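Examining the three-dimensional arrangement
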Amino acid sequence: MKRRLKAWLMAVVMLVLTVVPTMGTAIPVKAADDLIIQLHYHRDDGNYDGWSVWMWEEGGDGADYELADVDGEKVASMVVTPGTSSVGFIVRTADWAKDVDADQFIDISEMVSGTVDIYVESGVEGYTKEYGENAVTGTKLTKARYDGDKTITVDMTGEIEGSLDSVFRVVPAALTDSSAVTVAEVKAGDNFSYEVTLAEPLNEMKKYKVLYDGNEYNLIMPDFYSTDEFEAAYTYDGDDLGAVWSADKTTFRVWAPTADAVKVNLYASGTEGTDDLLEQLEMNADEKGTWVAEKTGDLNGTYYTYEVSVNGETHEACDPYARATGVNGKRAMVIDLTGTNPDGWTDDSDPNADLSINDAVIYELHVRDLSIDESSGIRNAGKYLGLTETGTTNSAGEATGLDHIKDLGITHLHLLPVYDYGSVDETKLDLRQFNWGYDPVNYNVPEGSYSTDPYNGDVRISEMKQMIQTLHQNDISVVMDVVYNHVYNASEFCFNQIVPDYFSRVDEEGNYSNGSGCGNDTATERAMVKKYIVDSVKYWADEYHMDGFRFDLVGLIDTDTVNEIVEEVHKDHPNVIFYGEGWTMDTKLTKTGYTLATQVNSEETPGFAFFNDNIRDGLKGNVFNSKEQGFVSGADGLEDTITKSFLGAADWCKSPKQTINYASCHDNMTLYDRIVNSTPDASEADQVKMNNLAAAVYLTAEGVPFMQAGEEFLRSKVKGDGTFDENSYSSTDFVNSLKWDDLDDETHAKVFDYYKGLIAFRKAHAALRLSDAADVAANVKPVEDLGDKLVAFEVNGGINGETSDGIYLVFNANQEEKEVTLPDGNWDVCINGEQAGTEPIETITDGRLTVAPISAMVLVKNDGTQVTGTETAKTPQQTTDNDRSGILPGCIATVLLLLMMAVCIVREHKKM
């Protein structure tokens, strides 16, 4: 009874808050003509197949507009929001081949309503503008901003003539025929701005419109979401958001503090648009802005959406906390997750849980790339299940897929986005489609295009778990690429549909912040956004046994959120590793006092590592200039850059456990393509040497090595015109797929063996995997005064469990051989320009080392006690983390060994 009374009182209060500010004279809202852009596109060749127009209001999200046949012309039509002064456009194909390689903008600042025709000629920058017969031009409102008190500032394109009395009206957006807010006064300001004073403050929980000359314009409200008042009232800390299933009932809870009403729609199928509504449940307002409904009976497999009424609009949205969805993620599904577990799932665990992040060797892979080429020999091409197949080979019988990855020796498989993303239509998988997937739609649901049946919500979950279990059974940990910094389409994202624009950062002009370059940035500093992200990462670690997370553009996420993610996940999963892109981005935070998780702020996120672009660009040249050379390709003056990065001490980095060292990833050109592109006069043999030299540097450097799939056999992404693709995010399978038959070629096969040997050497030598900056400084010494394009390091033995008495590494990027003097002792060469591994290739005893052109040499000091092998030694930190459980057995084994040796000595003594 008390709960009902409380809910009733809350409803009354909300009703009063809505009605009070709107009391005044009734103003009928007149619907003016829409403002429409019709873009006419002409090609001399008459071939319009695959072409469309990407358009966006300046500062807003973009969308694709089809070129329709209109009176013998190809025309794309866009309805523009009143007040918009500029619209951007790109004529392009589905894989983003652009007609003109530039963002172009249409000036419509003079347009009030009606149609404007824009004529664009293929290959020609610019456009011709013509007004339609219904076009209305003149002075119009461009922006209207409320200050949070009683003042609205209105910006116009020109001066308003005549009296200012009654020139503006303010009405709630929730009502199309309503009482206006009382305007007390209107004053003219500078630069065609006008100050509108209200009789009473507005309700900041609601949205309003300003009426001028028969047109409606959205009023930009101050950010109430990020205030202490809002967060104190509406921050919900429960763990029951979403659909909580049991065989007896399902409870639905959604956070929607600004909603006027919420309902649950139950459906028979997960296909949007299908007329199969089973039932509609009314939800009741509950604590902290949440709404609740309960349905008895077993709903496992039933699809659902939320229908939310807010600000006079009704939105049907997927559940942000959905665990399963139907095709294309439009409808959520109630699910019994235990029914998706493969046999033995409860016993599944990280096979490398005892390793530190510095012991990891990370291999970055796109699910589809692995198996879609016919040469893979994999039956489940492009699917999660493709990574469960063993015994697969190319046309010559060489191992492919999982067997190849396992043979290479990596420890962690990094999968490009496998959550539900928006750029591939799961209903059209028979058509050519490809995308990397950095466009999130449902954060807690696997991508359906990688499953064998995207229509049934449980299939993608079951098959992803089978993939992870198989990888674990093959001693491979799994890292998930996550993209919490932006969404596919901010205005259509389910969270923003339910609580308008809460999930995304919006600036003072009412535009989405766009530091990501993807149209929007996530407002991680808001309490319920942070909770959502923390809950999501924990869910993937708990339910899917993920062993690591790579964060896309983590420099847009605040350090408090990052640290809370690491802390919460490590409570149950201390083995999980975290790393991401810590680039400094231009974003508009909605709160003060927050720091972003960038490279330069790495000390504030000690449990999180960052990609090291210093070593990437130092090795091969800056990624923003594909012709620029790097250290391995002959550039001068990069010795210090390579040295610092090798020591895990790039200018921004204070700890070797926070640097991800790499030469290539999915972005930009592959390593080999970049080398070939920037060294057109070099021989193929020298270009292969450059590739191997780059690998030798980052795979032996202090820090965490990371590589793009296929780099180990000279992966190349060649477009149809013969040029290299440096942004293949939506290119064809022909460009992106791994070409397994390349392993038949002797050159490619030798490179694979070289990488395999480098990895084995790293895993055998713990001194290359130090996690403490002080240990590196004390035990890894750069060799001074070697000359240009030559760097070397001397590494002490006996540190961190290192089995040798020392390691000496030399990297020669010169076109000629170089002589280096070794420290005293016998030195076994384990790596040179042709071979790599743990076994000696030759032994140098006279201290004179000749290093071949464009090559690495790595030597191990051999005084007769060296132990070789391929097992990854545990670090002192790991011993501590595992309660030193291995010390006692190790001590016993050592004592027994000494006793056996003593017995042998005694026996030999007796024989003498």
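Residues numbered from 1 in each chain as written. Predicted model: local features only at pLDDT ≥ 70, side-chain atom pairs only at ≥ 80, totals over all residues. Heavy atoms only, no water.

1. So, the overall build of the protein chain
The test is simple: Starting at the N terminus, helices and strands are each numbered in turn, a helix being any DSSP run of H or I of at least four residues and a strand any DSSP run of E of at least two. In this treatment the radius of gyration is a C-alpha quantity, and the globule benchmark scales as 2.2 Å times the residue count to the 0.38 power. Burial classification: accessible surface area is computed with a 1.4 Å probe over protein chains only, and a residue below 20% of its type maximum counts as buried, one above 50% as exposed, and the rest as partly exposed. In these tables, accessible area is a Shrake-Rupley quantity obtained with a 1.4 Å probe, and a residue counts as shielded only by the protein chains included in the view. Here Asp and Glu are counted as negative and Lys and Arg as positive; His is not counted, and neither are the chain ends. The location of each charge is read from NZ of Lys, CZ of Arg, CG of Asp or CD of Glu.
Of regular secondary structure, the protein chain possesses 17 helices and 46 strands. Relative to its length of 912 residues, the protein chain is compact, with a C-alpha radius of gyration of 31 Å against a globular reference of 29 Å. Across the 912 residues that make up the protein chain, the buried fraction comes to 54%. For the protein chain, the accessible area works out to roughly 37,900 Å², and carbon and sulfur atoms hold 48% of it. One finds the centroid of the 71 positive side-chain charges in the protein chain at a distance of 5 Å from the centroid of its 155 negative side-chain charges.

2. Here's the deal with empty space enclosed by the protein
Which entries qualify depends on this criterion: Put simply, the grid is 1 Å and covers the protein atoms alone, a cavity is a trapped set of points that fit a 1.4 Å probe, a pocket is an open set with protein on both sides within 12 Å along at least five of seven lines, and lining residues have an atom within 4 Å of a point. Grid points are joined across faces, edges and corners, and a volume is the space filled by probe spheres set on the points. Gly is put with the polar residues, along with every residue not named as nonpolar or charged; the nonpolar set is Ala, Val, Leu, Ile, Met, Phe, Trp, Tyr, Cys and Pro, and the charged set is Asp, Glu, Lys and Arg.
Taken as a whole, this structure holds four cavities of 30 Å³ or more when the rule is applied. By volume, the largest cavity amounts to about 90 Å³. Lining the largest cavity are L241, R253, V254, W255, D319, P320, Y321, F495, I498, M528 and Y532. Sorting elements by how many residues they give to the lining of the largest cavity places strand β21 (residues 249-255) first, with three residues. Tallied by class, the residues present in the lining of the largest cavity amount to nine nonpolar, no polar and two charged. In this structure, the second largest cavity encloses a volume near 60 Å³. Taken together, E364, L365, H366, D369, L416, W436, H666, Q708, R715 and K717 make up the lining of the second largest cavity.

3. Observations concerning the environment of T271
Our working definition: The contact definition used throughout considers only heavy atoms, calling two residues in contact when any of these lie within 4.5 Å.
Within the secondary structure layout, T271 lies in the loop between β22 (261-267) and β23 (277-282). On the basis of relative accessible area, T271 is assigned to the partly exposed category, the value being 24%. It is 32 Å that separates the C-alpha atoms of T271 and K288, two residues lying 17 residues apart in sequence. T271 has contacts with V327, R331 and Y455, leaving out every residue within four places of it along the chain.

4. Quick word on the nonpolar core
Inclusion rule: Here the nonpolar core consists of buried residues drawn from Ala, Val, Leu, Ile, Met, Phe, Trp, Tyr and Cys, with membership extended through side-chain atoms lying within 4.5 Å.
Judged by nonpolar contacts, the single largest core of 167 residues is most densely connected at F252, W255, Y306, F549, F551, F578 and F811. If one sorts the elements of this core by residue count, helix α7 (residues 527-544) sits on top with ten residues.

5. What to know about the packing of helix α4 (residues 401-408) against helix α14 (residues 746-764)
The condition is simple: Axis definition: a line fit to C-alpha positions, over the contact stretch in the case of helices; interaxial angles, taken between N-to-C directions, run 0 to 180 degrees. Orientation categories follow fixed angle ranges, with anything under 35 degrees roughly parallel, anything over 145 roughly antiparallel, 65 to 115 roughly perpendicular, and all other angles oblique.
Direction vectors running N to C along α4 and α14 enclose 50 degrees, while the axes themselves pass 9 Å from each other. Judged by the inter-axis angle, α4 sits oblique to α14. Contact with α4, carried on its side by H404, D407 and L408, involves F752, Y755, K756 and I759 of α14 and no other residues of that element. Considering only residue class, the contact of α4 with α14 consists of four nonpolar, one polar and two charged.

6. Examining the pairing of strand β25 (residues 290-296)
Our working rule: By this definition, two strands are paired if DSSP reports at least two bridges between them.
As paired elements, β21 and β25 share seven bridges and run antiparallel to each other. What sits directly across from K249, in β25, is T296. Relative to β25, strand β24 (residues 284-285) is paired through two bridges, and the arrangement is antiparallel. When the bridges of β25 are listed, A285 appears paired with W291. Between β24 and the antiparallel strand that follows it, β25, lie four residues; K288 among them carries a positive phi value of about 55 degrees.

7. Some words on unusual backbone geometry
Excluding glycine, residues mostly have negative phi values, and the peptide bonds linking residues are mostly trans. Phi at D71 takes a positive value of approximately 50 degrees, unusual for a residue other than glycine. Positionally, D71 belongs in the loop between β5 (68-70) and β6 (73-80). At H545, a position not held by glycine, the phi torsion is positive, near 60 degrees. Topologically, H545 is positioned in the loop between α7 and β34 (548-551). Among the residues examined, H545 registers a relative accessible area of 16% and is labelled buried.

8. What about the state of the cysteines?
For clarity, the threshold we go by: Criterion for a disulfide: a pair of cysteine sulfur atoms at a distance within 2.5 Å.
Per the stated rule, a full pass over the model turns up zero disulfides. Unpaired in terms of disulfides, C494 finds its nearest cysteine sulfur in C318, a separation of 5.7 Å. Take C494: its relative accessible area is 6%, and that puts it in the buried class.

9. Comments concerning the packing of aromatic side chains
Selection rule: Pairing of aromatic rings covers Phe, Tyr and Trp, the last through its six-membered ring, and needs centres within 6.5 Å; plane angles under 30 degrees mean stacked, over 60 mean edge-to-face, and all others mean tilted. For a ring to carry a charge above it, either NZ of a lysine or CZ of an arginine must fall within 6 Å of the ring centroid while also lying within 35 degrees of the normal to the ring plane.
One pass over the structure, following the stated rule, counts 49 aromatic pairs. For the ring pair F224 and F230, a centre distance of 5.7 Å and an interplane angle of 75 degrees mean the geometry is edge-to-face. Note on accessibility: F224 and F230 belong to one class, buried. Where Y808 meets W827, the ring centres are 6.0 Å apart and the plane angle is 65 degrees; that geometry is what we call edge-to-face. Placement of Y808 in strand β41 (residues 806-812) and of W827 in strand β43 (residues 827-831) is noted, with a sequence separation of 19 residues between them. A relative accessible area of 2% places Y808 in the buried class. Residue classification places W827 among the buried residues on the basis of a relative accessible area of 2%. If you follow R331 out to its NZ or CZ, it ends over the ring of Y267, 3.5 Å from the centre. The ring of F734 carries the charged tip of K739 above its face, separated from the ring centre by 5.9 Å.

10. Brief notes about the sheet that holds strand β14 (residues 169-172)
By definition, the strands of a sheet pair up through backbone hydrogen bonds, in either a parallel or an antiparallel sense. Strands sit in the order β14-β18-β19 across an open sheet of three strands; the sheet is antiparallel. Among the strands making up the open sheet, the edge pair consists of β14 and β19 (215-218). The average undirected angle you get between the axes of adjacent strands in this sheet is 35 degrees. Taken together, the four bridges between strand β18 (residues 208-212) and β19 define a ladder with antiparallel strand orientation.

11. Observations concerning the sheet that holds strand β33 (residues 477-482)
Read around the barrel, eight strands follow the order β29-β30-β33-β34-β35-β36-β37-β38 and close on themselves; strand pairing throughout is parallel. With direction set aside, neighbouring strand axes in the sheet form an average angle of 30 degrees. Sheet analysis places β34 next to strand β35 (residues 577-580), joined by four bridges and oriented parallel. The residue bridging G548 from the neighbouring strand is I577, located in β35.

12. Comments concerning the confidence of the model for the protein chain
We count it as follows: A score between 0 and 100, pLDDT records how confident the predictor is in each residue.
Residues at a pLDDT of 70 or more form 91% of the protein chain, whose mean pLDDT is 91. Per-residue pLDDT stays below 50 along residues 1-32; that stretch engages in 42 contacts with residues further than four places along the chain or on separate chains. Of the regions scoring below 50 in pLDDT, residues 866-912 engages in 42 contacts with residues more than four places distant in sequence or in other chains.

13. Digging into the side chain of K465
Structurally, K465 is set in helix α5 (residues 457-473). For K465, a relative accessible area of 0% puts it in the buried group. Apart from residues no more than four positions distant in its own chain, K465 is found in contact with L337, T340, N341, P342, W345, E543 and Y544.

14. Describing a negative patch on the surface
Heads up, the rule is: Here a patch means residues that are over 30% exposed by relative accessible area and free of salt bridges, tied together within 9 Å if like-charged and within 5 Å if nonpolar (Val, Leu, Ile, Met, Phe, Trp, Tyr). A side-chain nitrogen of Lys or Arg and a carboxyl oxygen of Asp or Glu constitute a salt bridge if their distance falls within 4 Å.
Negative charge collects at one region of the surface, where E374, E398, E684, D741, D744, D745 and D753 lie side by side. Structurally, D741 can be placed in the loop between α13 (733-736) and α14. A relative accessible area of 32% places D741 in the partly exposed class.

15. Remarks on the pairing of strand β7 (residues 86-93)
The buried fraction of β7 is high, at eight of eight residues. Residues S86, G88, I90 and R92 line one face of β7 and the alternating positions V87, F89, V91 and T93 line the opposite face, and both faces are buried. Summarising the sheet, strand β3 (residues 51-57) and β7 pair through seven bridges and their orientation is antiparallel. Of the residues in β7, the one forming a bridge with W51 is T93. Sheet analysis places β7 next to strand β8 (residues 104-107), joined by four bridges and oriented antiparallel. Directly across from S86, in β8, lies its bridge partner D107.

16. Details of the pattern of salt bridges
Inspection of the entire model under this criterion finds 42 salt bridges. The structure contains a network of salt bridges with shared partners spanning D481, R550, D552 and E581.

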